[in-house]
Amino acid sequence: LPENQGLQKKTSKPNDLRIPRQQRLTFGAVLCFFVIIVLGASTIFFMIEFQRLNNSEVRRPIDYIVTQLQTSERRITGQLHYYAKNESYGKVANTHFDTLNLAIDIHNDMEFRVRIFESGGSGYELPSEEPYPHERSPSNVTTPAFDIQITHVPFSLVVVRRATKETLFNTSAGQLIFSKHYMEISTFLPSPLIYGLGERTHSMLITPGSYTIWAYDVFGVVDTGNLGLGAYGHQPIYLALENAGPQYTHIVVLRNVSPLDFIFQEHPAQLTFKMVAGIIDFKFFLSDSGPEAATAVSYTHLTLPTIYSV
């Protein structure tokens, strides 16, 4: 008997380590209540934050929307309205412009021009007649090689080649900034293979970096990808090779003669222009027969060597 009693004492399970059922139910109820409180508080917080972000006082610092847009066969015009909070750039006197004009002129099936300028006409615009870069006599527009797509909120402009469906220009890459003494616009590029943008001493293929275009006649100061080391001349023109094949190229000319910086990055291929005066004025030349054709057309019709060598 003593041995059996000892064996029974060893194999019996102690009851004092078990949590009573009532306590387990209470603990579970408290845990569920705590989870509900946390989820409820999080939901309320996100609802308040969502409402706050939708108020006009808390939006992206630079935002323009399209308020008017008229389209015809050869021309697209519209107005851009600034709807974010008041901003200044560097100085309080350098505030954004509330209203901008958008004008897109289609010159022929392979050429068009995009201008963004202040509605009051305060910015200097390069003339479009001799001896300045000018357009040739307009030709018929039958089957444009491009589509121009405009997003209204926020404003962005996209240029797509119809034959290949490739995007050539897309300003949603960055914010549009437009003030009296500072302008900025960015675009995604079809590929990182772009050439030009200033009279430089090394390869004309642009490498990632920040560059200054300012014709201040100091030939010994060579650009190295750092801001401030400008090129000798002033040629804000680039030739881009597209992914669809070597025959598909285009040239973009920025018709702006003020000092400017441009920043180029490869991944993704993107280009940002920063200007201190004038207007945003781009001229596009598309080619489906190689870069030589696009170059010849742009030089013939814009008299580029004359004006941009000044």
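Cut-offs used in this document
- Residues numbered from 1 in each chain as written.
- Predicted model: local features only at pLDDT ≥ 70, side-chain atom pairs only at ≥ 80, totals over all residues.
- Heavy atoms only, no water.
- Helix = DSSP H or I, 4+ residues; strand = E, 2+ residues; numbered from the N terminus.
- Buried < 20%, exposed > 50% of the residue type's maximum accessible area, 1.4 Å probe, protein only.
- Areas by Shrake-Rupley, 256 points an atom, 1.4 Å probe, with all protein chains shown as cover.
- Pairing = 2+ DSSP bridges.
- Axes fitted to C-alpha atoms, helices over the stretch in contact; angles between N-to-C directions.
- Phe/Tyr/Trp six-rings, centres within 6.5 Å; stacked < 30°, edge-to-face > 60°.
- Lys NZ or Arg CZ within 6 Å of the ring centre and 35° of its normal.
- Polar contact = N/O pair within 3.5 Å; in protein donor to acceptor, adjacent residues only side chain to side chain.
- Salt bridge = Lys/Arg side-chain N within 4 Å of Asp/Glu carboxyl O.
- pLDDT = per-residue confidence, 0-100.
- Contact = heavy atoms within 4.5 Å.

K.L.:
I keep staring at the overall build of the chain and nothing clicks. Help me out?
P.N.:
The helix and strand tally for the chain stands at four helices and 18 strands. The buried share of the chain, taken over its 310 residues, is 42%. Carbon and sulfur atoms form 59% of the exposed surface of the chain, whose accessible area is close to 17,100 Å².

K.L.:
Honestly, the sheet that holds strand β14 (residues 237-241) in this entry has me stumped. Any pointers?
P.N.:
What holds strands together in a sheet is hydrogen bonding between their backbones, with the strands either parallel or antiparallel. Spatially, β1-β2-β5-β6-β18-β15-β14-β12 is the arrangement adopted by the eight strands of the open sheet, whose pairing is antiparallel. Taken across any chain shown, the strands that pair with only one partner, and hence form the sheet edges, are β1 (64-71) and β12 (194-196). Going across the sheet, the axis of each strand differs from the next one's by a mean of 20°, ignoring polarity. Both β14 and strand β15 (residues 249-254) contribute to a ladder of five bridges, which runs antiparallel. What sits directly across from Leu241, in β15, is Thr249.

K.L.:
What am I meant to see in the packing of aromatic side chains here?
P.N.:
To describe a pair of aromatic rings, you give the distance between the ring centres and the angle between the ring planes. In total, this model carries nine aromatic pairs according to the counting rule given. Ring geometry for Phe169 versus Phe282: centroids 5.4 Å apart, planes at 65°, classification edge-to-face. Separated by 113 residues along the polypeptide, Phe169 in strand β9 (residues 167-170) and Phe282 in strand β18 (residues 280-287) bring together distant segments of the chain. We note that Phe169, like Phe282, is buried. Ring centres 4.9 Å apart and planes at 15° place the aromatic pair Tyr211 and Phe262 in the stacked group. One end of the pair, Tyr211, is in strand β13 (residues 209-213); the other, Phe262, is in strand β16 (residues 260-265), and 51 residues separate them in sequence. Across this residue pair, the class does not change: Tyr211 and Phe262 are buried. Among the aromatic residues, those joined into a cluster by ring pairs are Phe112, Phe146, Phe169, Phe273, Phe282 and Phe284. The ring of Phe285 carries the charged tip of Lys283 above its face, separated from the ring centre by 5.0 Å.

K.L.:
Please clarify how the side chain of Ser287 should be interpreted in this entry.
P.N.:
Tracing the backbone through its elements, the reader meets Ser287 in strand β18. Of the residues examined, Ser287 reaches a relative accessible area of 3% and is grouped as buried. Of the polar contacts made by the side chain of Ser287, one reaches the backbone nitrogen of Ser289; its length is 3.2 Å.

K.L.:
I'm lost on the pattern of salt bridges in this one. Help?
P.N.:
Pairing between side chains of opposite charge can happen when their charged atoms approach one another. Scanning the model with the defined rule gives six salt bridges in all. As a salt-bridge pair, Asp281 and Arg113 come within 2.8 Å of each other at their nearest N and O atoms. Placement of the pair is Asp281 in strand β18 and Arg113 in strand β6 (residues 111-118), with a sequence separation of 168 residues. Take Asp281 and Arg113: they sit in the same class, and that class is buried. In this structure, the salt-bridge partner of Asp281 is Arg255, at a minimum N-O distance of 3.1 Å. Of the two residues, Asp281 sits in strand β18 while Arg255 sits in the loop between β15 and β16, which places them 26 residues apart along the sequence. In this structure, a network of salt bridges that share partners links the residues Arg113, Arg255 and Asp281.

K.L.:
Hey, could you run me through unusual backbone geometry in this one?
P.N.:
Only a minority of non-glycine residues have a phi that is not negative, and only a minority of peptide bonds are not trans. Of note, the bond from Val153 into Pro154 is cis; its omega dihedral lies within 30 degrees of zero at -20°. Summarising the element assignment, Pro154 is placed in the loop between β7 (146-151) and β8 (156-161). The omega angle of the peptide bond from His267 to Pro268 is -10°, so this bond is cis rather than trans. Examined against the element boundaries, Pro268 turns out to sit in the loop between β16 and β17 (270-275). Of note, the phi angle at Lys165 is positive, near 65°, even though the residue is not glycine. Within the secondary structure layout, Lys165 lies in the loop between β8 and β9.

K.L.:
Even after reading the chapter, I still don't get the environment of Gln265, so can you show me in this structure?
P.N.:
In this fold, Gln265 is placed in strand β16. As for Gln265 and Gly209, which are separated by 56 residues in sequence, their C-alpha atoms are 6.7 Å apart. A distance of 3.4 Å separates a polar atom in the side chain of Gln265 from the backbone oxygen of Pro268.

K.L.:
Mind showing me how you'd approach the pairing of β18 here?
P.N.:
Each regular strand displays side chains that alternate between the two surfaces of the sheet. By the criterion of burial, β18 is predominantly enclosed, with eight of the eight residues buried. Residues Ile280, Phe282, Phe284 and Leu286 line one face of β18 and the alternating positions Asp281, Lys283, Phe285 and Ser287 line the opposite face, and both faces are buried. By the bridge criterion, six bridges tie β6 to β18 in an arrangement that is antiparallel. Bridge pairing in β18 places Ile116 opposite Ile280.

K.L.:
I keep staring at the confidence of the model for the chain and nothing clicks. Help me out?
P.N.:
Averaged over all residues, the pLDDT of the chain is 77; the fraction at 70 or higher stands at 63%. The low-confidence segment residues 6-12 (pLDDT under 50) makes zero contacts with residues lying over four places distant or belonging to another chain. Within the model, pLDDT remains below 50 along residues 303-310, and this stretch shows 25 contacts once partners closer than five positions in the same chain are excluded.

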